[in-house]
Amino acid sequence: MVRCCCRFVIEMSRMAVILNIVQIVISVVAIIFAIYIPIQIMKFQRYTGLMTTYMSFDFAHAFQSVINFFYKECECDVEKIAEKYKERFNEDFNYKRKEFDINKTLHYQRRLLNDYFLELEMCRESSWYLRKIISKDWTTSEAYVCKILVYMNKAVDEDPEMFMDISSIKYERMPRGKGLNEYLTRFYNALRKKSRNMQL
């Protein structure tokens with residue numbers, strides 16, 4: 001009888017150890033899912049926001065403007081993009097015109113699309129699930145527009161009139177400021193050692 005009780009106590013202690021290990025494993029898995037699932041939801045919400053932007057008039061107008069620029073002004077020739085874009089840039093930023101709407105300039109539309117596709121690529125890279133969705137939802141037309149944008153960006157980067165080098169200011173002393181200037185100074189100090197060029 002005593003042996004039986006001892007055996008029972010030993011078995012119960014083994015069961016308790018096993019249950020404790022199972023509880024710890026379940027707790028760790030629950031914590032991982034409690035962190036992972038909201039992150040995935042946020043990533044999907046980001047993609048949903050990008051899709052809402054895609055449906056907007058501003059995006060559609062910018063998208064069509066870049067296509068029209070390439071098709072009509074460049075006559076579907078990538079070799080003409082740099083020259084034609086510079087002409088269009090100078091025409092758009094001719095401030096002597098009476099009517100000037102920055103939202104209608106090709107330069108603004110190019111930047112809008114650049115920012116959009118950068119966000120979309122960051123979203124795509126953030127999740128294997130979003131990679132599948134984006135590759136299913138997007139077509140080669142968007143890929144071709146991305147390629148046109150790459151040529152347009154290259155034209156801006158290589159032209160000193162469009163991409164003006166203002167790096168000589170780094171040698172000037174930073175003035176002290178209050179209010180907004182204080183925030184700008186902190187932001188400047190955080191960024192000044194980063195990449196040498198800003199996206200134009």
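Structure's up top.
Remember, predicted model here, so these are calculated numbers, not experimental data.

A. Summary view of the packing of aromatic side chains. Considering all chains together, one arrives at 12 aromatic pairs under this definition. When the centroid spacing of 5.8 Å and the interplanar angle of 25 degrees are considered together, the rings of Phe59 and Phe63 count as stacked. Within this pair, Phe59 and its partner Phe63 are both found in helix α2 (residues 57–73), separated by four residues, close to a single helical turn. Each of the two residues, Phe59 as well as Phe63, counts as buried. Centroid distance Phe117 to Trp138: 6.3 Å. Interplanar angle 70 degrees. Geometry classified as edge-to-face.

B. Looking closely at the nonpolar core. Ranked by size, the top nonpolar core spans 30 residues in total, and within it Tyr47, Val66, Leu113, Phe117, Leu120 and Met152 carry the most contacts. Going through the elements one at a time, α1 (2–54), α2, α3 (81–92), α4 (106–125), α5 (128–137) and α6 (140–158) are the ones with two or more residues in this core. In this view, Leu113 contacts Phe59, Ala62, Phe63, Val66, Val145 and Leu149; residues no more than four positions away in its chain are not counted.

C. Expanded view of the packing of α4 against α6. At a minimum axis separation of 10 Å, α4 and α6 run at an interaxial angle of 120 degrees. Classified by the interaxial angle, the pair formed by α4 and α6 is oblique. As α4 runs across α6, the sense of the crossing is left-handed. The segment α4 lies against α6, with Leu106, Arg110, Leu113, Asn114 and Phe117 engaging Glu142, Val145, Cys146, Leu149, Met152, Asn153 and Val156. Residue classes in the contact of α4 with α6 are distributed as eight nonpolar, two polar and two charged.

D. Region of interest: α4. Taking 1.5 Å per residue as the helical rise, α4 with its 20 residues ought to reach 28 Å, and the 28 Å between its terminal C-alpha atoms agrees with that figure. Among all positions in α4, only Leu106, His107, Gln109, Arg110, Leu113, Asn114, Tyr116, Phe117, Leu120 and Cys123 are buried.

E. Structural context of the layout of surface pockets. Approximately 250 Å³ is the volume found for the second largest pocket. Together, 13 residues line the second largest pocket, and Leu120, Glu121, Arg124, Ile134 and Cys146 are the ones closest to its centre. Of all the secondary-structure elements, those providing two or more residues to the lining of the second largest pocket are α4, α5 and α6. Among the elements that take part in the lining of the second largest pocket, α4 stands out by supplying five residues, more than any other.

F. Region of the structure containing the packing of α4 against α5. α5 packs onto α4 with a crossing angle of 130 degrees between their chain directions and a minimal axis gap of 6 Å. When the axis of α4 is compared with that of α5, the two are oblique. In this structure, α4 uses Leu120, Cys123, Arg124 and Glu125 to contact α5, whose residues at the interface are Leu130, Arg131 and Ile134. Here the residues of the contact of α4 with α5 sort into four nonpolar, no polar and three charged.

Procedures and definitions
Residues numbered from 1 in each chain as written. Predicted model: local features only at pLDDT ≥ 70, side-chain atom pairs only at ≥ 80, totals over all residues. Heavy atoms only, no water. Phe/Tyr/Trp six-rings, centres within 6.5 Å; stacked < 30°, edge-to-face > 60°. Helix = DSSP H or I, 4+ residues; strand = E, 2+ residues; numbered from the N terminus. Buried < 20%, exposed > 50% of the residue type's maximum accessible area, 1.4 Å probe, protein only. Core = buried A, V, L, I, M, F, W, Y, C linked by side-chain atoms within 4.5 Å. Contact = heavy atoms within 4.5 Å. Axes fitted to C-alpha atoms, helices over the stretch in contact; angles between N-to-C directions. Parallel < 35°, antiparallel > 145°, perpendicular 65-115°, else oblique. Left-handed = near helix turned anticlockwise from the far one by under 90°. Nonpolar A, V, L, I, M, F, W, Y, C, P; charged D, E, K, R; others polar. Expected span 1.5 Å × (residues − 1). 1 Å grid on protein atoms, 1.4 Å probe; cavity = no way out; pocket = protein on both sides within 12 Å on 5 of 7 lines; lining within 4 Å. Points joined across faces, edges and corners; volume = space filled by probe spheres on them.

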